[in-house]
Amino acid sequence: MQFDLFEIDSQNSNKSIKLPRGFVYVPNFMDPLYANDAFNYLLSNLSWQQPTVEVYGKKHLVPRLQSWMGEVGTHYQYSGKLFESTGWEQVVFDIKTRAEKLTKKQFNSALINLYRDGQDKMGWHADDEKELGLSPAVVTVSLGIQRTFQFKHNIEGETFNLELAHGSLLLMKPGVQASYKHAIPARKKVERSRISLTFRNIIN
Ligand SMILES: O=C(O)CCC(=O)C(=O)O
Ligand SMILES: [Fe+2]
């Protein structure tokens, strides 16, 4: 598989963003050049997997690649498979440390997603696995091409779109997972890749 390396200095199309309570968006969380390096390093060096999921009794490959990482001793169950953490890559650890300082939350693991192009996506879901505890904080750090993050209120049904820029951070505070679902929809015209580092605290 061949990917373009990433060389964008900055991009941000969220002019003035009003988010519902519980969401915090930080467009310039990372220096863009550092974010370029992090993107290129992770793209080439992580062990990317494409797990299968079962939906209504049929097996499908997930429409993106993934890599799991975290403190030794943490593990994560996905589609009947157990992923054991073997420790942090330095660059992920550094980004996690900065995210912890900014959000004042602690994270011991990361699910890292690679959307190879605009065909790759993530369907509506909440990060409400029981390993995350009752009311988790979840952070997404975005690298690479900008993609739309959608969220929808469970009761009111209202949908919001947020463009996640290269080097940005989105915090979903405790409570958000119980009230909203989120998704990364396909964007057929997008030809370049995006990596998201989603930091979580797993209670095993
Ligand atoms: O790619 C993203 O920003 C969101 C990923 C996500 O929702 C997840 O990994 O649970
Ligand atoms: Fe999620």
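Residues numbered from 1 in each chain as written. Chains lettered and ligands numbered in written order. Predicted model: local features only at pLDDT ≥ 70, side-chain atom pairs only at ≥ 80, totals over all residues.

Side note on the site of ligand 1
Rules: In this analysis a residue is considered near a molecule or strand if the C-beta atom, reconstructed from its backbone, is found within 6 Å of that molecule or strand. Under the scheme used here, helices are H or I runs from DSSP no shorter than 4 residues and strands are E runs no shorter than 2 residues, and both carry numbers assigned from the N terminus. Residues are sorted three ways: Asp, Glu, Lys and Arg are charged, Ala, Val, Leu, Ile, Met, Phe, Trp, Tyr, Cys and Pro are nonpolar, and all the rest, Gly among them, are polar.
Around ligand 1 sit Leu111, Asn113, Met122, Asp127, Thr140, Phe149, His182, Ile184, Ser196 and Thr198, and that is every residue in its neighbourhood. Mapped by element, the contributors of at least two residues to the shell around ligand 1 are β7 (109-115), β13 (180-184) and β14 (194-200). Within the shell around ligand 1, the residues separate by chemical class into four nonpolar, five polar and one charged.

Section: the UniProt feature "domain: Fe2OG dioxygenase" (unreviewed entry) in the chain
Operational definition: UniProt positions are given in the numbering used here, feature names are shortened, and annotations may be inferred rather than shown by experiment.
Sites flagged by UniProt as "domain: Fe2OG dioxygenase" (unreviewed entry) map to residues 106-203. Helix makes up 4% of residues 106-203 and strand 49%, whereas the separation of the span's terminal C-alpha atoms amounts to 12 Å.

Here we look at the environment of Thr103
Under the convention used in this document: Any pair of residues counts as being in contact when their C-beta atoms, constructed from backbone geometry, are within 7 Å of one another.
Looking at where Thr103 falls in the secondary structure, it is placed in helix α2 (residues 90-103). Dropping the residues within four chain positions of it, Thr103 is found in contact with Ala137, Val139 and Leu171.

Here we look at α2
Threshold: Take the residue count of a helix, subtract one, and multiply by 1.5 Å to get its expected span. Our exposure labels follow a C-beta count within 10 Å of each residue's own C-beta, placed from the backbone: buried means 20 or more other C-beta atoms, exposed means 12 or fewer, and partly exposed covers the counts in between. As used here, the arc is the angular range of directions from the helix axis to the C-beta atoms.
Compared with an ideal rise of 1.5 Å per residue, which puts 14 residues at 20 Å, α2 spans 20 Å between its outermost C-alpha atoms and is within 8% of the ideal. Along α2, the residues that are buried comprise Val92, Ile95, Lys96 and Ala99. Buried residues along α2 cover an arc of 105 degrees about the axis, so they all sit on one side. Relative to its buried face, α2 has exposed residues pointing more than 90 degrees away, namely Gln90, Thr97 and Lys101. Positive phi shows up at Lys104, right after α2, with a value of about 60 degrees.

Looking at the sheet that holds strand β4 (residues 65-70)
Our working definition: The pairing criterion is simple: DSSP has to find at least two bridges between the two strands. Geometry is summarised by axes, namely lines fitted to C-alpha atoms with helices restricted to the contacting stretch, and by angles between N-to-C directions that run from 0 to 180 degrees.
If you walk across this open sheet you meet the six strands as β1-β12-β9-β14-β7-β4, and the pairing is antiparallel. The sheet is open, and its two edges are formed by β1 (23-26) and β4, each paired on a single side. The mean angle between the axes of side-by-side strands here comes to 15 degrees, regardless of whether they run parallel or antiparallel. Relative to β14, β7 is paired through seven bridges, and the arrangement is antiparallel. Residue pairing in the sheet places Ile112 in a bridge with Leu197 of β14. Contacts from helix α1 (residues 32-45) reach β7, β9 (138-144) and β14, with the element oriented near 90 degrees to β9.

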